[in-house]
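A structural walkthrough
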Amino acid sequence: MNKALVGIAKRDFSLAFRQSSELLQPLIFCLLVVSLFPLGVGPGPVTLQKISGGIIWVTAILSSLLGLERLFRDDFRDGWLEQVSLSDCSQSLAAVVKITVHWLTSFLPLLLLSPLLALFLNMTMSMYTALVLTLLIGTPLISLVGAIAVALTVGLNKGGVLLALLLLPIFTPLLIFATSAIEAASLNLPYVGQLAIIGALTLLALAFSPFATAFALKVSQH
Amino acid sequence: MWKWLHPYAKTEATYHLCEKLVPWFAWLAVLGLVVGNIWGLAFAPSDYQQGDSFRIIYIHVPSAMLSMGIYAGMAIAAFVGLVWQIKTAHMAVATMAPVGAVMTFIALFTGSIWGKPMWGTWWVWDARLTSELILLFLYLGVIALYHSFDDKQQASKAAGIIAVVGVVNLPIIHYSVEWWNTLHQGATITKFDKPSIAPEMLWPLLISLAGMACFTGYVVLRRLQSEIIRREIRRPWVIKLAEEVEGGKGAL
């Protein structure tokens with residue numbers, strides 16, 4: 001069992017790094033969108049600082065939608081998922097492994113990119129700390145909940161916009177608490193409460209999402 | 001309760017139950033909407049602050065309450081369908097989603113019309129408005145997902161999963177939005193002082209709420225019937241039913 005899961009993880013890692021353009025494109029998208037904002041709203045450092053948290057988080061959510069399909073699409077097409085469902089490997093555990101690898105390969109690079117984004121938008125150090133913490137705690141939620149929607153739409157070949165329609169309303173609480181944590185940090189207020197709520201949401205998703213994802217995959221493979 | 005519910009897993013039984021219930025809902029809806037709206041629009045006293053423009057409450061509040069009620073009903077149906085694999089429950093999800101979306105739209109639209117004279121603007125990012133808007137998006141997601149599958153059985157299962165995910169999120173969205181709004185703009189005139197409503201205003205409101213609920217029930221049942229017919233079109237009982245209708249027309 002464990003061997004199979006480790007195997008899935010290794011396989012997903014090597015696949016992700018071999019298709020590195022798919023890994024990089026969301027990041028480049030993120031960078032581009034963030035650099036469009038100063039052109040759109042004006043380069044005033046005060047304005048930029050005020051809206052920086054919101055911009056980075058909205059961009060992170062949008063760019064994550066671009067990369068989410070990678071989670072199950074190819075495995076669905078080449079029949080890999082079907083083989084997993086036939087094997088004695090639990091599908092929900094396999095989903096957890098795949099989601100974890102997806103998070104490591106798509107959101108960790110975003111975290112590495114975040115200093116540059118913070119620099120572009122004139123964030124203070126305390127705001128940046130809050131940004132990193134919210135990204136660290138909040139982005140697993142995107143992967144976990146996103147997995148359910150990807151699993152549902154994987155057989156449709158028109159995932160893109162539909163995925164956004166399904167997921168963006170669900171991510172509103174995450175956006176609200178993450179940006180308010182950053183705003184609190186900019187005022188030097190404590191923001192542990194917001195982080196705790198984001199953490200609670202992520203844990204809730206961690207508890208339920210694997211089962212929902214496995215079930216959704218079963219529906220898609222019908 | 002299980003014994004009572006179990007026969008309705010069969011589509012035929014559900015169809016005939018709908019047929020029996022539809023006239024009740026239809027007449028109660030007509031009665032409730034006519035009495036409630038005429039009483040509310042013409043005879044209820046006008047508000048001391050808002051004058052006559054408050055009368056839109058007789059459409060706004062029932063549709064807003066139903067928009068949430070239908071979502072809850074839809075999620076319960078989805079849950080029943082997913083857990084006990086009941087086909088009719090899946091069909092109910094698909095039939096309720098567009099009705100709920102329309103109710104949400106009516107609530108937003110009338111709210112916006114009401115907001116213009118009262119708050120001086122068509123739209124404010126008030127907590128309630130925002131969560132209603134997100135509710136509309138959730139409905140649209142369910143509908144869009146349902147329509148992107150060709151196989152309707154698969155479609156309603158998928159829509160059911162998203163409906164259940166949405167209903168888990170709905171309270172979180174609601175409270176987060178409320179909290180977000182109070183944090184960002186505390187002292188704007190988003191919440192007008194609402195005195196506890198006078199009985200002569202409350203009664204027509206309750207009656208139009210009941211009328212709107214019965215209307216929703218009517219529409220949902222009719223849509224469920226047509227959904228059952230559409231999906232079971234090759235079943236003997238549907239063919240027999242069609243022949244009966246056809247035969248009746250022939251005799252006329």
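What you see is a predicted model; the values in this text were computed from it and never measured. (Residues numbered from 1 in each chain as written. Chains lettered and ligands numbered in written order. Predicted model: local features only at pLDDT ≥ 70, side-chain atom pairs only at ≥ 80, totals over all residues. Heavy atoms only, no water.)

Structural notes on the overall build of chain A
Stated precisely, the cut-off is as follows: By definition, any uninterrupted DSSP run of H or I lasting at least four residues is a helix, any uninterrupted run of E lasting at least two residues is a strand, and each is numbered from the N terminus. To get the radius of gyration, use the C-alpha atoms; to get the globule rule, take the number of residues to the power 0.38 and multiply by 2.2 Å. Any residue under 20% of the maximum accessible area for its type is buried, any over 50% is exposed, and the rest in between are partly exposed; the area is computed with a 1.4 Å probe on protein chains only. Here the accessible surface of atoms and residues is derived via Shrake-Rupley with a 1.4 Å probe, and residues count as covered only by protein chains that are part of the display. The charge count treats Lys and Arg as positive and Asp and Glu as negative. His and the chain ends do not count. Lys charges are placed at NZ, Arg charges at CZ, Asp charges at CG and Glu charges at CD.
Of the regular secondary structure elements, chain A holds 10 helices and 0 strands. Element order for chain A, N to C, with α for helix and β for strand: α-α-α-α-α-α-α-α-α-α. Taken over C-alpha atoms, the radius of gyration comes to 18 Å for chain A, in line with the 17 Å a tight globule of 222 residues would show. Counting every position in chain A, which comprises 222 residues, the buried fraction comes to 55%. Here chain A has roughly 9900 Å² of accessible surface; of this, 71% comes from carbon and sulfur atoms. Averaging the locations of the 11 positively and 9 negatively charged side chains of chain A gives two centres separated by 2 Å.

Some details on the pattern of salt bridges
When the charged atoms of two side chains lie near each other, side chains of opposite charge can form a pair. Our working rule: Every case where a carboxyl oxygen of Asp or Glu lies within 4 Å of a side-chain nitrogen of Lys or Arg is listed as a salt bridge.
The full count for this structure, using the stated rule, is 10 salt bridges over all chains. Asp-75 of chain A is paired through a salt bridge with Arg-11 of chain A; the nearest N and O atoms lie 2.7 Å apart. With Asp-75 of chain A in helix α4 (residues 73-77) and Arg-11 of chain A in helix α1 (residues 2-18), the pair connects residues that are 64 residues apart, well separated along the chain. Judged by relative accessible area, which is 21%, Arg-11 of chain A ranks as partly exposed. The salt bridge partner of Glu-232 of chain B is Arg-235 of chain B, with a shortest N-O separation of 3.4 Å. Ionic contacts of the salt-bridge type, sharing partners, join the residues Arg-11, Asp-12, Asp-75 and Lys-98 of chain A into one network.

Details of the interface of chain B and chain A
Stated precisely, the cut-off is as follows: By definition, residues are in contact when any of their heavy atoms lie within 4.5 Å. Once two parts are joined, some of their accessible surface, as seen by a 1.4 Å probe, is lost; buried area is that loss totalled over both. Nitrogen and oxygen atoms within 3.5 Å of one another constitute a polar contact, given that in protein one can donate a hydrogen and the other can accept it, and given that sequence-neighbouring residues count only through two side-chain atoms. Note on residue categories: nonpolar means Ala, Val, Leu, Ile, Met, Phe, Trp, Tyr, Cys or Pro, charged means Asp, Glu, Lys or Arg, and polar means any other residue, Gly included.
Every contact between the two is made by 27 residues of chain B and, on the other side, 24 residues of chain A. Interface area for chain B against chain A, summed over the two sides, is near 2300 Å², with a carbon-plus-sulfur share of 82%. Together, Gln-154, Ile-161 and Trp-179 of chain B form the three largest contributors to the area buried by chain B at its contact with chain A, with a combined 21%. Seen at the junction of chain B and chain A, the total is 2 residue pairs in polar contact (both at pLDDT 80 or more). Mapped by element, the contributors of at least two residues to the side of chain B that touches chain A are α5 (127-148) and α6 (152-184) of chain B. Among the elements that make up the side of chain B that touches chain A, the one with the highest residue count is α6 of chain B (16 residues). Partitioned by chemical class, the residues of the side of chain B that touches chain A number 19 nonpolar, 6 polar and 2 charged.

A look at the environment of Ala-214 of chain A
Residue and element names in this part refer to chain A. If you trace the backbone, Ala-214 turns up in helix α10 (residues 192-221). Residues Ala-214 and Ser-85 lie 129 residues apart in sequence; the distance between their C-alpha atoms is 9.2 Å. Once residues lying within four places of it in the same chain are set aside, the contact partners of Ala-214 are Gln-91 and Ser-92.

What about the nonpolar core?
For clarity, the cut-off: As used in this record, nonpolar core signifies buried Ala, Val, Leu, Ile, Met, Phe, Trp, Tyr and Cys residues forming a set joined through side-chain atoms within 4.5 Å.
In this structure, Trp-57 and Phe-72 of chain A together with Met-74 and Leu-145 of chain B are the most contacted members of the largest nonpolar core, which totals 124 residues. Top contributing element to this core by residue count: helix α7 (residues 125-153) of chain A, with 15 residues. Contact partners of Trp-57 of chain A, with chain neighbours within four places excluded, come to Leu-131, Thr-134, Leu-135, Gly-138, Thr-139, Ile-142, Leu-174, Leu-175, Ala-178, Thr-179 and Ile-182 of chain A. With 8 residues, the next largest nonpolar core counts Ala-44, Ile-56, Ile-57 and Met-201 of chain B among its residues.

Digging into the confidence of the model for chain B
Residues and elements named next belong to chain B. How we decide: pLDDT runs from 0 to 100 and stands for how confident the predictor is about each residue.
Per-residue pLDDT for chain B averages 83, and the proportion of residues at 70 or more is 90%. Ranking the elements of chain B by mean pLDDT puts helix α1 (residues 2-5) last, at 67, and helix α3 (residues 57-84) first, at 90. Confidence drops under pLDDT 50 across residues 184-195; counting only partners more than four residues distant or on other chains, this segment forms 14 contacts. With pTM at 0.87, the complex prediction returns an ipTM value of 0.86.

Side note on the packing of aromatic side chains
Going by this rule: Centres within 6.5 Å make a pair out of two Phe, Tyr or Trp rings, where for Trp the six-membered ring is used; the pair is then stacked when the planes are under 30 degrees apart, edge-to-face when over 60, and tilted otherwise.
In this structure the tally under the stated criterion is 5 aromatic pairs over all chains. An angle of 5° between the planes, with centres 6.4 Å apart, marks the rings of Phe-13 of chain A and Phe-17 of chain A as stacked. Of this pair, Phe-13 of chain A and Phe-17 of chain A both sit in helix α1, separated by 4 residues, roughly a single helical turn. Take Phe-13 of chain A: its relative accessible area is 28%, and that puts it in the partly exposed class. Here Phe-17 of chain A falls in the exposed class, since its relative accessible area comes to 54%. Aromatic side chains Phe-105 of chain B and Phe-109 of chain B sit 5.8 Å apart centroid to centroid with 25° between the ring planes, which places their arrangement in the stacked category.

Remarks on empty space enclosed by the protein
Residues and elements named next belong to chain A. The cut-off we apply is this: Using a 1 Å grid laid over the protein atoms alone, points where a 1.4 Å probe fits but cannot get out form a cavity; open sets with protein on both sides within 12 Å along at least 5 of 7 lines form a pocket; any residue with an atom within 4 Å of a point counts as lining. Grid points are joined across faces, edges and corners, and a volume is the space filled by probe spheres set on the points.
Scanning the entire structure with this criterion turns up 3 cavities of 30 Å³ or more. Of the pockets and cavities examined, the largest cavity occupies roughly 110 Å³. In terms of lining residues, the largest cavity is bounded by 14 residues, among which Pro-26, Ser-63, Ser-64, Ser-106 and Phe-107 are the most central. Per-class residue counts for the lining of the largest cavity are 7 nonpolar, 5 polar and 2 charged.

Re helix α3 (residues 45-68) of chain A
For clarity, the cut-off: Multiplying 1.5 Å by the helix residue count minus one yields the expected span of that helix. Here the bend at a residue means the angle between the axes of two seven-residue stretches, the one that ends at it and the one that starts at it.
An ideal rise of 1.5 Å per residue puts 34 Å on 24 residues; α3 of chain A measures up with 33 Å between its terminal C-alpha atoms. Of all the bends in α3 of chain A, the greatest measures close to 55° and is centred on Ile-51 of chain A.

Remarks on a nonpolar patch on the surface
All names here are of chain B. Condition: Here, patches come from residues exposed beyond 30% relative accessible area and free of salt bridges, joined within 9 Å for like charges and within 5 Å for nonpolar side chains (Val, Leu, Ile, Met, Phe, Trp, Tyr).
A cluster of nonpolar side chains, Trp-27, Leu-28, Val-30, Leu-31, Val-34, Val-35, Ile-38, Trp-39, Phe-43, Trp-203 and Leu-206, forms an exposed patch at the surface whose accessible area comes to about 1100 Å². When residues of the nonpolar patch are traced back to their parent elements, those giving at least two are α2 (11-43) and α7 (199-231). No other element matches the 9 residues that α2 contributes to the nonpolar patch. Relative to the elements of secondary structure, Ile-38 occurs in helix α2. Accessibility expressed as a relative area gives 46% for Ile-38, which makes it partly exposed.

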